[in-house]
Amino acid sequence: MASMEVDSANSNTFDPDNPRFSVNVLQLLKSAQMQHGLRHGDYTRYRRYCTARLRRLYKSLKFTHGRGKYTKRAITQSTVSEVRYLHVVLYTAERAWSHAMEKRQLPDGPNPRQRIYLIGRLRKAVKWATLFAQLCASKGDSRTSLEAEAYASYMTGNLLFEQDRNWDTALLNFKRARAVYEELGKVGDLENQVLCRERVEELEPSIRYCLHKIGKSNLQASELLHIGEMEGPALDLFKAKLEAVMSEARSQQAVSMTEFHWLGHRFPISNAKTRVSILKARELEKDLQSSADSLPAEKRLSIFDKIFAAYHEARSSIRSDLVSAGNAESVKDDLSGLDKAVSAVLGQRTIERNQLLVKIAKSKLVRRHDEKNEKVTKPEELVRLYDLLLQNIADLSDLVSSGRDRRQEEVTFAEECSLKSLAFRGERCFYLAKSYSLAGKRAEAYVLYCHARSLIEDAIQKFRTANISDPKLIEELKTLIEECRVNSCVEHATGIIEEAKAPENLSKKISNMSLTGAEKKSAKYLLQSLDNYESAVGDSNIKTAPRIEAFPPAFQAIPRNPIVLDIAFNFIDFPSLENRMKKDRKGFISRLWG
């Protein structure tokens, strides 16, 4: 990109007395942010990049502040002789802003001392952004000056937004920045127009929140949460502020929440942290139920993860209270009951999440090829998901059944768990039969389809007997019974056909057998048909070896060295060599005794 060449002096018109520089501020910053950490919200990495970039700029400009003693060198209008001086000011503002955002994203939030430091860094960012706008007004072209003014207004709005005061001024700055980006989004190349429109969308939530704080907007909490689901670096400060406001609102609501109701039991809640966590989980559950059909599956799964985190926080605080309860039996009984109730609700939400995963997997099972090249689900994956569901239901049933005094609600809940377990067993058996069918095992698949049908019919009968109304599940089970009947008939017919054709296929295979491997020559490999456009890899859904080259290679007949037979050897009379052989000389005593 032209905007990435930050070391070169871009000038529209060259005037020796008053040169005008051009900087695509938004395009430059967006590119740097996305490439150096902010794509994943890593402000530490981006701050380090800004520091390294400033070091390189100072060194290339020979604008260092001395070797030994630090001597500050200010950048003024007379100093800016090339565009890199403007980049120094811009990256200094970005470094201060990213450092403030880094403190804002601490795990437990900034403490009072860190918050003072955070606001100080935002003040630094506003100072350098204002200087950047002043320098661009005199040294930059008209578009650069407008972008610099919008950038300074945005930084000023962020500072006031974090300080929780002067909402009118913050609103004015955000609106000023939005107006500039709206006008800049109408001109220029397509990439710049898209970036300006994205920045306008990122500024809109902050403007609506400022209007809400002033009292000129009737925004509800659910609308604020919907706005907070948007993505972008400009929205991170808004999200942090929104989370702080929601935590404060939950804390105020948690004062009136004194009991936790579950299956006819009432458990007192004394810990404020436990109340806030349970209240947060309930709000997320309401949002999930109200928008169950409109939200995509990925968003619903992320909400489930937040619900799990909230309930786990509640359980950890309950167990901490149990440790510090000491010998107070009544308090320990209440806390143990509350822990059991929260664990049971967590188990129910886990089952709902796994049912959602089953629904997603079923939607990917019926289609062979997807436009987005998503992985097609195999029946074995559904079998594994149903195993998880059966384990979740068994754990939940054991948890509810534990205890001495069981109420009627707990008995009814345990019966519902057993009926759901039976239904899930039938569905698991169905998809297990599908996996056997794909493997070509007709007899096993037929038996499993028949067994799945009997399990599902038994489950439907027990649902009717127990007067449990779950029309969605019963309708799904009825559809599955029809599929079991159809698939069992298909497997039966296919098995009979294969059995009838088995002798013919066997004789055909035997007739094609050869000791020289001639049957392998029928398969054409890639290296044998380079002139034909034919896939040698095969379908991705079928497990077949690629036909690129035969491996291991077949045996080939090769010539060997000739055998030389020495026939004349047996008819040759060789001379005696005894006279040339070395004779042993005996001693004097050996000659006497002969």
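Residues numbered from 1 in each chain as written. Predicted model: local features only at pLDDT ≥ 70, side-chain atom pairs only at ≥ 80, totals over all residues. Heavy atoms only, no water.

As a reminder of what qualifies: UniProt positions are given in the numbering used here, feature names are shortened, and annotations may be inferred rather than shown by experiment.
Looking at an unreviewed UniProt entry, one finds the chain named Signal recognition particle subunit SRP68 and attributed to Cucumis sativus. What the UniProt record of the chain gives under Sequence similarities (unreviewed entry) is the line "Belongs to the SRP68 family." Check the Function (unreviewed entry) section of the UniProt entry for the chain; it says "Component of the signal recognition particle (SRP) complex, a ribonucleoprotein complex that mediates the cotranslational targeting of secretory and membrane proteins to the endoplasmic reticulum (ER). The SRP complex interacts with the signal sequence in nascent secretory and membrane proteins and directs them to the membrane of the ER."

**Overview of the pattern of salt bridges**
The cut-off we apply is this: Salt bridges are defined by distance alone: a side-chain nitrogen of Lys or Arg within 4 Å of a carboxyl oxygen of Asp or Glu. Exposed residues in this analysis have more than 50% of their type's maximum accessible area, buried residues have under 20%, and partly exposed residues fall in between, with area computed by a 1.4 Å probe over protein chains only. The numbering of helices and of strands both runs from the N terminus, where a helix is a DSSP run of H or I of at least 4 residues and a strand a run of E of at least 2.
The tally for this structure, following the rule as stated, stands at 23 salt bridges. Close ionic contact of Glu 82 with Arg 84 constitutes a salt bridge, the shortest N to O distance being 2.7 Å. Using a relative accessible area of 14% as the deciding quantity, one classes Arg 84 as buried. The partner of Arg 104 in a salt bridge is Glu 162, with the nearest N and O atoms 2.3 Å apart. With Arg 104 in helix α3 (residues 83-104) and Glu 162 in helix α5 (residues 142-163), this pair connects stretches of sequence that are 58 residues apart. The two residues Arg 104 and Glu 162 agree in class, both being buried.

**Here's the deal with the environment of Thr 169**
Inspection of the secondary structure assignment puts Thr 169 in helix α6 (residues 167-184). Using a relative accessible area of 37% as the deciding quantity, one classes Thr 169 as partly exposed. Each C-alpha atom of the pair Thr 169 and Thr 156 lies 8.9 Å from the other, and the pair is 13 residues apart in sequence.

**Some details on the packing of aromatic side chains**
Two numbers describe a pair of aromatic rings. These are the distance of the centres and the angle of the planes. Going by this rule: Only Phe, Tyr and Trp rings are paired, with Trp represented by its six-membered ring, and only when their centres lie within 6.5 Å; those with planes under 30 degrees apart are stacked, over 60 edge-to-face, the remainder tilted. Cation placement over rings: the criterion is NZ of Lys or CZ of Arg within 6 Å of the ring centroid and within 35° of the ring normal.
Applying the stated criterion across every chain yields a total of 15 aromatic pairs. Taken together, a centroid distance of 5.0 Å and an interplanar angle of 85 degrees make the contact between Phe 430 and Tyr 431 edge-to-face. Assigned by exposure class, Phe 430 and Tyr 431 land together as buried. Taken together, the aromatic side chains of Tyr 386, Phe 424, Phe 430, Tyr 431 and Tyr 449 make up a single cluster linked through ring pairs. For Arg 199, the ring lying beneath its charged end belongs to Tyr 154, and the centroid distance is 5.0 Å.

**A word on the packing of helix α4 (residues 112-139) against α5**
The relative placement of two packed helices comes down to the angle between their axes together with the axis-to-axis distance. Formally: Note on definitions: angles span 0 to 180 degrees between N-to-C directions of axes, and those axes are lines fitted to C-alpha atoms, for helices only across the stretch in contact. Small angles under 35 degrees read as roughly parallel and large ones over 145 as roughly antiparallel, with 65 to 115 read as roughly perpendicular and the rest as oblique. Crossing chirality is assigned from the near helix's rotation relative to the far helix, an anticlockwise turn below a right angle marking it left-handed and a clockwise turn marking it right-handed. Only Asp, Glu, Lys and Arg are considered charged in this grouping, and only Ala, Val, Leu, Ile, Met, Phe, Trp, Tyr, Cys and Pro are considered nonpolar; every other residue, Gly among them, is considered polar.
Where α4 meets α5, the axes come as close as 8 Å, and the angle between the chain directions of the two elements is 160 degrees. In terms of orientation, α4 and α5 fall into the roughly antiparallel class. Where α4 crosses over α5, the handedness of that crossing is left-handed. Of the residues in the contact of α4 with α5, the class split is 15 nonpolar, six polar and four charged.

**Comments concerning unusual backbone geometry**
Glycine aside, negative phi is the norm for most residues, and most peptide bonds take the trans geometry. Despite not being glycine, Asp 164 has its phi angle at roughly 60 degrees, a positive value. Topologically, Asp 164 is positioned in the loop between α5 and α6. The exposure class of Asp 164 is partly exposed, given its relative accessible area of 41%. Although it is not a glycine, Asn 166 adopts a positive phi angle of roughly 55 degrees. For Asn 166, the location among the structural elements is in the loop between α5 and α6.

**Some thoughts on the state of the cysteines**
Under the convention used in this document: The term disulfide is used for any two cysteine sulfur atoms that are within 2.5 Å.
In this structure the tally under the stated criterion is zero disulfides. Here Cys 484 stays unpaired: no disulfide links it, and the sulfur of Cys 429, its closest cysteine neighbor, is 7.6 Å away. Judged by relative accessible area, which is 0%, Cys 484 ranks as buried.

**Structural notes on helix α13 (residues 379-401)**
So the rule is basically this: For a helix, the expected span equals 1.5 Å multiplied by the residue count minus one. Pairs of residues are marked as contacts when any of their non-hydrogen atoms sit within 4.5 Å.
Over its 23 residues, α13 runs 33 Å from end to end, which matches the ideal 33 Å to within 8%, given 1.5 Å per residue. Among all positions in α13, only Pro 379, Leu 382, Val 383, Leu 385, Tyr 386, Leu 389, Leu 390, Asn 392, Ile 393, Leu 396, Ser 397 and Val 400 are buried. Taken together, the buried residues of α13 touch β1 (259-262), α12 (329-365) and α14 (408-438).

**Section: the nonpolar core**
As a reminder, the rule being used: Put simply, a nonpolar core is a bunch of buried Ala, Val, Leu, Ile, Met, Phe, Trp, Tyr and Cys residues held in one set by side-chain atoms that sit within 4.5 Å of each other.
Counting residues in each nonpolar core, the largest one holds 68 residues, and the members touching the most others are Phe 260 and Trp 262. Of all the elements in the fold, those that place two or more residues in this core are β1, α10 (272-290), α11 (297-324), α12, α13, α14, α15 (442-465) and α16 (471-511). Examining the composition of this core, we find that 12 residues originate from one element, α12, more than from any other. Every residue in contact with Trp 262, bar those within four places of it in the chain, is listed here: Phe 267, Lys 340, Ala 341, Ala 344, Val 345, Gln 348, Val 400 and Glu 410. Ala 32, Tyr 43, Met 101 and Ala 177 belong to the second largest nonpolar core, which has 66 residues in total.

**Some points on the packing of α11 against α12**
Look at α11 against α12: their axes get within 10 Å of each other, and the N-to-C directions meet at 165 degrees. In terms of axis orientation, α11 runs roughly antiparallel to α12. Classified by chirality, the crossing of α12 by α11 is left-handed.

**Thoughts on α5**
If you check α5, its first and last C-alpha atoms are 32 Å apart, about what 22 residues at 1.5 Å a residue would give, namely 32 Å. Phi turns positive one or two residues past the end of α5, at Asp 164, with a value near 60 degrees.

**Details of the confidence of the model for the chain**
Filter applied, for reference: pLDDT is a residue-level measure of predictor confidence that goes from 0 to 100.
Residues at a pLDDT of 70 or more form 81% of the chain, whose mean pLDDT is 80. Scored below 50 in pLDDT, residues 1-14 shows 30 contacts in the model against residues more than four places distant or in partner chains.

**Side note on the side chain of Asn 487**
One can find Asn 487 in helix α16. Each residue touching Asn 487, except ones within four places of it in the same chain, is listed here: Phe 430 and Tyr 449.

**Quick look at the pairing of strand β2 (residues 265-268)**
Defined as follows: Strands pair, by our definition, only if DSSP identifies at least two bridges between them.
Side chains His 265 and Phe 267 of β2 all project onto a buried face; the interleaved residues Arg 266 and Pro 268 project onto a face where none is buried. The turn linking β1 back onto β2 is made up of two residues, and Leu 263 within it adopts a positive phi angle of 50 degrees.

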